[in-house]
Structure formats: structure tokens, C-alpha cells
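# Survey of secondary and tertiary structure
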Amino acid sequence: MARVLVVGAGLTGGACAALLRGAALGRIAVWEKARGAGGPGTRRGAARRGAARRGAARRGAARRLVSSRLVSSLTGCRAGGRMSTSRSAQDAACTADLGAQYVTLETARAGSRRSFYEELLSHGILKPLTAPIEGMVVKEGSCNYVAPQGISSVVKYYLKQSAGADVFYEQHVTHVSLRDGKWEVFRKMGPPEQFDIVILTMPVPQILQLQGDIVNNEMLPAGVLGPMVAKLRCSNVILINESQKQQLESASYSSRYALGLFYEAGTRIDVPWAAQYITDNPCIRFISIDNKKRNIESPEIGPSVVVHTTVTFGSEHLDSDPAEVQRLILSHLERIVPSLPKPVSIKCQKWRYSQVFTGRYTIPYPSCRAMPSSTLRIRTIQA
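Residues numbered from 1 in each chain as written. Predicted model: local features only at pLDDT ≥ 70, side-chain atom pairs only at ≥ 80, totals over all residues. Heavy atoms only, no water.

### Some points on the nonpolar core
Selection criterion: We call a set of buried Ala, Val, Leu, Ile, Met, Phe, Trp, Tyr and Cys residues a nonpolar core when their side-chain atoms join them within 4.5 Å. Summary of the burial criterion: residues with accessible area below 20% of their type's maximum are buried, those above 50% are exposed, and those between are partly exposed, where the area comes from a 1.4 Å probe applied to protein chains only. Think of it this way: any DSSP run of H or I at least four residues long counts as a helix, any run of E at least two long counts as a strand, and we number them from the N terminus.
Counting residues in each nonpolar core, the largest one holds 36 residues, and the members touching the most others are Leu20, Met83, Leu120, Leu126, Val154, Tyr158 and Leu159. At the level of secondary structure, the elements contributing two or more residues to this core comprise strand S1 (2-7), helix H1 (11-22), strand S2 (26-32), strand S5 (102-106), helix H5 (114-122), helix H6 (152-161), strand S9 (166-169) and strand S13 (197-200). Judged by nonpolar contacts, the second largest core, of 21 residues, contains Ile284, Ile289, Leu328 and Leu333.

Below is the structure:
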């Protein structure tokens, strides 16, 4: 039985692990460099829960390879729209989605993807978005959904469906090398391990930063940029030509910051909207009263506010001091919503790989069709 590694526990990685498990492909491990599922900024304690799930390393001989149908059904979610749910340092029940804000189903383009939405809706992971959002453009025939338990609950649902997979957090992959007919994967902490199949779900720049044979042999990540799924197969090493390599290297991403403001229970935020798109501010593009947007308001749990910056602001301050970035965002927020109370805690999150600007393309594989743009369309803020 093949031993399979999925690198990344975001939406793509979680869905991939669940699909692989459903196909009974082999022994599955998921490595995520953050402390929890969904990407940076996920809830504290997720690492401890993940550690409890860690099992002994399993090894086996490769018998089957990932089918084209399986790979082509996976989802592509932008890195910066990561399924990240953070919590207040003072109250674990007070949470905020710092990445993806809601999920959109475009009925006309749904096709076979509709089953993904129906499954999540039937389990209460997604609910219709009914709260008022000022400035949102709704396409005809589209439906928007929120995750009441936090957007990271979508990823956690898929990881749960991959029951039997070993999920390891704080595992930062650095090298992928071919050794004795298997892929040897190195990480910053811990010994290297060998796998028959490796699937990469991180953004393109992070794939290109990997060392080892994946670089020396110019191994091609398959599918759609932003992020991509790369299938590394020992039995069929595929090289890319210079033109294709240049396409990979030309992929560029927008960047932005997200700010989470957490309040004490009983705090009132008196605005008529649950979220608002901002069009006339150089710093802020989107503001959400997150608990109101997710329709989970409660007198026993403090409200939370999420702020997304513009892409221009994110690019200009990409390597700035986080404390200074937070100060600038708060100063603009005060001008837009002067009545906003003082929060008890704040989290500033930098999304270096927010959305793909250029480099969206497909390259044929002999045994793997190009991935669709997404199975779940993750609604994020672009400006």
C-alpha cells in the first residue's frame, strides 16, 4: 500500500486528504507548517490537538497512483484566503475569520461541484449569508455562505473525513529528494521520512523555494496556480522545459494585511451593517463585524471586527514593522468608524500570498488532468 504525504492543511490539503482516504489509496499523512489547520492564525491549541492525533510512521510499497479523476476534483483556494479562524487572547469563545470571509456558489458554473456545497450545508458547516453587506456585488444566480463555527471549520471537516490520516502540525518542509525509488522529505524539525507519493498544496513561490531533487530535476507542479497541487511520482519523473519553468517563476501574488479586533462580552458596536466594502480609503478595503456576519451574536460572547487592507497598502508595507502597520490600519479604521469601541486584544495577520495576479495556466500531465479553478469558490477581498 502506497504511503502518501499531503503538504499543507488548508482547504486544498484537507479536501485532498479526504478524497484520498475515500479512494483507499494508501497510508496518508498531512504536514502543515502552521500551528493548526487552515493556515497561519488558526486557533491556539490546535497544535496540541494535532499532536494528540499523531501516530507512528507507516511505510508501504506503492501499488496505485493518484487517479486523474481524484486529482481533478480537488479545490484551489487562494493562499491569502486561507481558512483561518483566530480567537481572542482573553476569551476563547470570541473568534474572527482573518482570511476567507464567505463562500460563493455560482449556480451556472457549479456542475459537479454542487455536491461539495450540499455536503457542507447538510452538516451545518456552511449556512446562507443573510446579514447585510454594504457594497457587495451579487452576481445573478450566485449564493453566498458563511461558516458559523469559523471558516477553519470547513478544513477541519475535511480532515475529519480523512479519519485514519496522520495530521502533523508545525512541520515545515524544506527539501524533497529522490532516494531508492521513494521521495525523501526533509523538514526543519524532525528526521526525514520517505513517501511513495507527495502532494504539494502551498503557493507557487513556496514550491519553488523547496530544495533537493524537486529543484534539481525541475519537477513540475501540476494544475492551477494559486496554490497548486503537485503530484511527485517516483515511477514517472516529469521534467519541464525552460518555457514552462519561466511560467512558474512568473507567477505573482498580491499581498494584504488583516486585523482582528476582539471585545469583551456585552460590548455594543452600533453600525447598521454586518460588513462593508470600502472604496475611498487608501488603506482599508473591507470591514466586518464578524460575529454579526456569521449570525452568531450572543450577549455572553464578545463581538469581533475584521479589517482587510487594500492590495496597494499590503504591497507597500509588506516588510514593514508589524506594530507600525497595525497602528496605521487602526488610524484609518478610526476615521471610517469613529464610534468603534476600544478592543481588549488585537491580532495583525500578514497574508504574503493573498491572490494570484499573474501566472494562471494549465500544463498537461500524461496521467493527470489540469485542476479546475476551484471546487469551493472562496470569497476574498481584492482591491
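Moving on from the coordinates now.
### Observations concerning the packing of aromatic side chains
Filter applied, for reference: For Phe, Tyr and Trp, where Trp contributes only its six-membered ring, two rings pair if their centres lie within 6.5 Å, and the inter-plane angle classes them as stacked under 30 degrees, edge-to-face over 60, or tilted in between.
A complete count under the given rule lists six aromatic pairs for this structure. On the numbers, 5.3 Å between centres and 75 degrees between planes, the contact of Tyr253 with Tyr353 is edge-to-face. Here the residue Tyr253 occupies a position in strand S16 (residues 252-262), and Tyr353 occupies one in strand S20 (residues 345-358), the gap between them amounting to 100 residues. On the basis of relative accessibility, which here comes to 12%, the residue Tyr253 falls in the buried class. Among the residues examined, Tyr353 registers a relative accessible area of 15% and is labelled buried. Taking the centre distance of 5.0 Å and the plane angle of 65 degrees together, the rings of Tyr277 and Phe286 count as edge-to-face. On the basis of relative accessible area, Tyr277 is assigned to the buried category, the value being 14%. Judged by its relative accessible area of 0%, Phe286 is buried.

### A word on the pattern of salt bridges
To keep it simple, the criterion reads: Salt bridges are defined by distance alone: a side-chain nitrogen of Lys or Arg within 4 Å of a carboxyl oxygen of Asp or Glu.
Per the stated rule, a full pass over the model turns up 11 salt bridges. Here Arg294 makes a salt bridge to Asp290, at a shortest N to O gap of 2.9 Å. Per residue, the accessibility class of Arg294 equals that of Asp290, and both read buried. A salt bridge links Arg327 to Glu324; the nearest nitrogen and oxygen atoms lie 2.7 Å apart. Note that Arg327 and Glu324 are positioned in helix H12 (residues 322-336) at a spacing of three residues, about one turn of the helix. Using a relative accessible area of 32% as the deciding quantity, one classes Glu324 as partly exposed. In this structure, a network of salt bridges that share partners links the residues Asp97, Asp290, Lys293 and Arg294.

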